[in-house]
Amino acid sequence: MDIFNTAVSSTSIIYQFLKGCADFSGDSKSLAARFQWDLAALEAIRDYFKQLQAQNGYANLSPEHEQLLKMTAGYLEDFATEVQKNQKRIERTGLFRTTLNRVQWTLQRRDVEKVQEELQYWTDKLGIRVLTLPNEIRNVIDVSVDSSNAPTMVVSNQKLLDFTRLAADSHAKKQLAREIFKDDARISQQIDNWGEISFIPLPDGDNQLIFATRRIPLSVTPESDKFAEIKLDVCELAAALNYLSPAANVRILRIEYCIYHVASNQFLLAQVAPYAITSMMTLGQMISHSPFPKVRAALNERVRLAHKLAEAVVFLHAAGYLHKNITSSSAVALRKRQPPGIRKVSTSSAPIPRPPLDEVYLMGFDLVRGVDSRTSKEGAEMVHHANGQDPHQSIWDRDIYMHPERLRGPASPRYQKAHDIYSLGVVLLEIGLWQPLSEAAGTDAEVPKLSKSDHPDTWPMKLRDLAVASNGLSSKVGKRYQCVVEWCLNVNEDSGVKTIEFVQQVLDPLENIANILS
């Protein structure tokens, strides 16, 4: 319990400090509101365990609750430690005041802003941790704490989670799905007139639209029950991700609406670009344009990209969703439009401009579903037939990113979080090598060549061999990054990976590496 008392005490002092600065700084005011929520959340957790102790006559907690307390305390320990450090820093430099006057604020503003920058980082980190706490603890926070000042990421995630928990056949869920579907021929006509929407955003008033797709098998007609089933799935996904606030700072875009585009026989999910962009390109294309050793992407950018994609996966899993299609083609980079006055590169010898790696978003929601939705084997069937592989699709397009357990056609097991984590691990491997897997897996002399004729069950071992080769991840991004990739590639159906474990084994190490490199 000491860790919670320390965290509550330090957070309370910092909250008072930020309130004292709020009259002079909008950033201080908003940050104070965040710390008010942090304080209430920590108090709720502390009081919950105190109540359990009281119910037990202040004797030892049950083994189950003792384990829960230990895990929760350990998970929040770094936040508590850093907040306490900042409290002492504030007190040591004489910055702490319950009230400040204008002269004091002017003299101390630079020091205050430096402290606030670090506090913002740690309160944001607490937000993602709250999402992955055990349900028992998260429910305590949801019930006990006013959500008006909650982190946007937490609020958005809770709304997605609430939507997921609606019964599949509930009237409310079906109504929301109907409302987000637009049966408007003018939108389809606008798309047809614009032409290519795969790489160029569609203008829409003051906004720009980016479209994710859900293809319809040629054998499925609009009049069939299968078409209606696919439409319902797409609309439910769109309705769920419509709850995502752009301010959540997670690399997933909010879906505004969906339509059926007759000409291309696919559903389109419209997403608003978060800022003015000129074009989009996939992560796979970015890597192909500047493969190792001609890497134009800085190491810290690549690791930060890996962390942001992992964070997006955590966000989906915490909301009860599985992505089911994580590949280097489902991660999309947005190229920012240059402000007026910025000179454009026009010489043929100059490198092709590229978008910042931190602006890559996880899209490709071709198969994303709720964790508790009905068993779906369509992913395996779309790529593999019962008698073998689809001859029209390369293994490098999608199969290589899928867990071998999901490449067994109709015999594939139910999709689980572990399968998403494995797919992410393959993408992280590609980011670390910064080389298309089709090239890396066929040119490394230390690793047996990976080919379409190999049985999929051998692929994880060959990918791990690629990661640990002498010219693999350790030499390019370091041993800690290599360990993250190995952990992802080692998960399987029986792993029973919990989101909190994923955070500790993947998200935290990637963030620590990125911070060291920054």
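Residues numbered from 1 in each chain as written. Predicted model: local features only at pLDDT ≥ 70, side-chain atom pairs only at ≥ 80, totals over all residues. Heavy atoms only, no water.

> I keep staring at the pairing of strand E2 (residues 207-215) and nothing clicks. Help me out?
A regular strand carries its side chains on alternate faces of the sheet. Where strand E1 (residues 202-204) and E2 come together, three bridges link them in antiparallel fashion. If you follow Asp204 over to E2, its bridge partner there is Asn207. Taken together, the seven bridges between E2 and strand E4 (residues 266-272) define a ladder with antiparallel strand orientation. Bridging from a neighbouring strand, Phe211 pairs with Ala270 of E4. (Pairing = 2+ DSSP bridges. Helix = DSSP H or I, 4+ residues; strand = E, 2+ residues; numbered from the N terminus.)

> Looking at this structure, how should I read the pairing of strand E7 (residues 331-336)?
Pairing of strand E5 (residues 277-282) with E7 involves five bridges; the strand directions are antiparallel. Paired with Thr282 across the two strands is Val332, which belongs to E7. Strand direction decides the pairing type here: E7 and strand E8 (residues 360-362), joined by three bridges, are antiparallel. Across the sheet, the residue bridging to Ala333 is Val360, located in E8.

> Even after reading the chapter, I still don't get the pattern of salt bridges, so can you show me in this structure?
Close approach of charged atoms allows side chains of opposite charge to pair. Across all of its chains, the model carries nine salt bridges by this definition. The partner of Lys125 in a salt bridge is Glu511, with the nearest N and O atoms 3.5 Å apart. Linking Lys125 in helix H4 (residues 102-131) with Glu511 in helix H18 (residues 499-517), this pair joins segments that are 386 residues apart in sequence. The class for Glu511 is buried, based on a relative accessible area of 8%. (Salt bridge = Lys/Arg side-chain N within 4 Å of Asp/Glu carboxyl O. Buried < 20%, exposed > 50% of the residue type's maximum accessible area, 1.4 Å probe, protein only.)

> What's the story with a nonpolar patch on the surface in this structure? I'm lost.
Side chains of Trp194, Phe199 and Ile200 sit close together on the surface and give an oily, nonpolar patch of about 260 Å² of accessible area. Residue position: Phe199 is located in the loop between helix H8 (185-194) and E1. On the accessibility criterion, Phe199 (37% relative accessible area) is partly exposed. (Patch = residues over 30% accessible without salt bridge, like charges linked within 9 Å, V, L, I, M, F, W, Y side chains within 5 Å. Areas by Shrake-Rupley, 256 points an atom, 1.4 Å probe, with all protein chains shown as cover.)

> Would you take a moment to explain the packing of helix H13 (residues 417-433) against H18 for this structure?
In a packed pair of helices, the relevant descriptors are the angle between the two axes and the axis-to-axis distance. Put simply, H13 and H18 touch, their axes get as near as 12 Å, and they point 10 degrees apart. Comparing the axis directions of H13 and H18 gives the class roughly parallel. Residues Lys417, Ile421, Leu424 and Leu428 of H13 touch H18, and the partners they reach there are Thr499, Phe502, Val506 and Leu510. Residues that form the contact of H13 with H18 fall into these classes: six nonpolar, one polar and one charged. (Axes fitted to C-alpha atoms, helices over the stretch in contact; angles between N-to-C directions. Parallel < 35°, antiparallel > 145°, perpendicular 65-115°, else oblique. Contact = heavy atoms within 4.5 Å. Nonpolar A, V, L, I, M, F, W, Y, C, P; charged D, E, K, R; others polar.)

> Would you mind showing me how to read the sheet that holds E5 here?
Two modes of strand pairing occur in sheets, parallel and antiparallel, and in both the strands are linked by backbone hydrogen bonds. The antiparallel open sheet is built from three strands, whose spatial order is E5-E7-E8. Either end of the sheet is taken by a strand with one partner, and the two such strands are E5 and E8. Sheet twist, expressed as the mean angle between neighbouring strand axes with direction ignored, is 30 degrees. Packing against the sheet, helix H11 (residues 299-318) makes contact with E7 and E8, and its axis sits at approximately 25 degrees to E8.

> Honestly, unusual backbone geometry in this entry has me stumped. Any pointers?
Most peptide bonds take the trans configuration, and most residues that are not glycine carry a negative phi. Even without a glycine there, the phi angle at Asn249 is positive, about 55 degrees. Residue placement: Asn249 occurs in the loop between helix H9 (225-241) and strand E3 (255-261). On the basis of relative accessible area, Asn249 is assigned to the partly exposed category, the value being 42%. Positive phi values are uncommon outside glycine, yet Asn265 reaches one of about 55 degrees. Structurally, the position occupied by Asn265 is in the loop between E3 and E4.

> How do you make sense of the sheet that holds E1 when you look at a structure like this?
On the basis of which strands lie adjacent, the open sheet formed by four strands has the order E1-E2-E4-E3 and antiparallel pairing. Both outer strands of the open sheet, E1 and E3, are each paired with one neighbouring strand and no more. Geometrically, the sheet is characterised by an average inter-axis angle of 35 degrees between neighbouring strands, direction not taken into account. On the sheet, H8 packs against E1, E2, E3 and E4 and is oriented at approximately 80 degrees with respect to E3.

> Could you clarify how one ought to interpret the state of the cysteines in this entry?
Covalent bonding between the sulfur atoms of two cysteines defines a disulfide. This structure, assessed with the given rule, holds zero disulfides. Unpaired in terms of disulfides, Cys258 finds its nearest cysteine sulfur in Cys235, a separation of 3.6 Å. (Disulfide = S-S within 2.5 Å.)

> Teacher, can you tell me more about the side chain of Arg34 here?
Within the element layout of this structure, Arg34 appears in helix H2 (residues 26-55). Since its relative accessible area comes to 14%, Arg34 is described here as buried. With residues near it in sequence (within four places) discarded, Arg34 still touches Gln120, Thr123, Asp124, Asn149 and Pro151.

> It is not clear to me how helix H17 (residues 479-490) should be interpreted in this structure. Could you clarify?
Each α-helix winds once per 3.6 residues, and so residues spaced three or four apart point in a common direction. For H17, which comprises twelve residues, the first-to-last C-alpha distance of 16 Å matches the rise-based estimate of 16 Å (1.5 Å per residue) to within 8%. Where H17 is concerned, the buried positions are Tyr481, Gln482, Val484, Val485, Trp487, Cys488 and Leu489. In this structure, the buried residues of H17 make contact with H11, H13, helix H15 (459-468), helix H16 (473-476) and H18. (Expected span 1.5 Å × (residues − 1).)

> Sorry if this is basic, but what is going on with the layout of surface pockets here?
Vacant regions in the atomic arrangement are exposed by a probe of water-molecule size rolled over the atoms. Considered as a void within the structure, the second largest pocket measures approximately 580 Å³ in volume. Of all the elements in the fold, those that place two or more residues in the lining of the second largest pocket are helix H3 (63-92), helix H5 (135-144), helix H6 (152-165), H11 and H18. It is H3 that contributes the most residues to the lining of the second largest pocket, four residues altogether. Of the residues contributing to the lining of the second largest pocket, the split by class is nine nonpolar, seven polar and seven charged. (1 Å grid on protein atoms, 1.4 Å probe; cavity = no way out; pocket = protein on both sides within 12 Å on 5 of 7 lines; lining within 4 Å. Points joined across faces, edges and corners; volume = space filled by probe spheres on them.)

Purely geometric numbers; function is a separate question.
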